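One letter stands for each residue in the lines below.
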Amino acid sequence: MTATLALTAAAAAAVGVALGLFGGGGSILMVPMLMYIAGVPGKSAIAMSLLVVAVTSVTALISHARAGQVRWRTGLIFGAAGMAGAYGGGLIGPHLPEQLLLGAFAVMMVTTAIAMIRGRQAFDGETREHLPLSKIILDGVIVGVVTGLVGAGGGFLVVPALVLLGGMPMAAAVGTSLLVIGMKSLAGLAGYLSTVSIDWHLAAVVTVAAAVGGLLGGRRAEQVSPDRLRKAFGWFVLVMGAFVMAQQIIALA
């Protein structure tokens, strides 16, 4: 294994830990990691990220499912709706300006992060076993389109939607989001593969490393209090959003 490949695998494992711990954020780290460390072209990095995040999400899901922190009905319906949006986004994404997509992506990340850090008092103590079907489908399609367009699993949108809008406990939202992310990422990958090719050997190495990290992150999530996890997730997304936004500003300068 070359030094570059070893470094890529180590970075992928760290991304997996983030995905398993926070239920999101992994894909926004995966794309730049593949581009700047492994030297993968932009669109191929997006496609490969979707593959890696899909597998890692399902792997990390195991720990959350064993802890009873997955709302299967909500996740499967949300994921199915998201797959339709993600496939469409994956077909359109390769034909749109990358800076435009990532700029809007960064703004959504920062806005979502602030909401998560501040919280919504109206939802404190209010939890529901099932969310309205229409809300699940609408949110799923919207987040799915974002996933397909920019190669992001969408956990940073799914988790807040479940917590802030649906009143789902943070721990259950994180676990459920992993199911949704896995389903949507596979659909987005299918859309990209119609026009983009990837290095399957590199993808395999990165996927295995990230999956191991996802298992570790998933186990750690069970030991963190819901309030601390929500705020940590918010700060994590805020840092990532600021980074993406800074990159787009520098590119335009």
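Below: a short report on this structure.

Cut-offs and rules
- Residues numbered from 1 in each chain as written.
- Predicted model: local features only at pLDDT ≥ 70, side-chain atom pairs only at ≥ 80, totals over all residues.
- Heavy atoms only, no water.
- Helix = DSSP H or I, 4+ residues; strand = E, 2+ residues; numbered from the N terminus.
- Contact = heavy atoms within 4.5 Å.
- Areas by Shrake-Rupley, 256 points an atom, 1.4 Å probe, with all protein chains shown as cover.
- Expected span 1.5 Å × (residues − 1).
- Buried < 20%, exposed > 50% of the residue type's maximum accessible area, 1.4 Å probe, protein only.
- Core = buried A, V, L, I, M, F, W, Y, C linked by side-chain atoms within 4.5 Å.

So, the overall build of the protein chain
A tally of helices and strands in the protein chain yields 10 helices and zero strands. Each helix (α) and strand (β) of the protein chain, taken in turn from the N terminus, gives the series α-α-α-α-α-α-α-α-α-α. Sequence separation of 24 or more characterises 87% of the internal contacts of the protein chain that already satisfy a separation of 6 or more. Summed over its atoms, the accessible surface of the protein chain is roughly 10,500 Å², and 69% of this surface lies on carbon and sulfur atoms.

Describing helix 3 (residues 42-66)
The end-to-end C-alpha distance of helix 3, which contains 25 residues, comes to 36 Å, matching closely the 36 Å that a straight helix rising 1.5 Å per residue would cover. The buried fraction of helix 3 is high, at 19 of 25 residues. Trailing helix 3 by a residue or two, G68 shows a phi angle of about 75°, which is positive.

Description of helix 8 (residues 170-192)
Along its 23 residues, helix 8 runs 32 Å from first to last C-alpha, staying within 8% of the 33 Å computed at 1.5 Å per residue. Most of helix 8 is tucked away: 20 of the 23 residues are buried.

Let's talk about the nonpolar core
If you look at the biggest cluster of nonpolar residues, it comprises 27 residues, and the most contacted ones within it are F78, V158, V159, L162, M170, A173 and V237. Contributions of two or more residues to this core are made by helix 5 (98-118), helix 6 (133-150), helix 7 (155-165), helix 8 and helix 10 (226-252). For this core, the element with the most residues is helix 10, which contributes six residues. Residues contacting F78, with those up to four places away along its chain left out, are I136, D139, G140, V143, V158, L162 and V180. Among the nonpolar cores identified, the runner-up in size contains 26 residues, and A11, V15, M30 and V206 belong to it.

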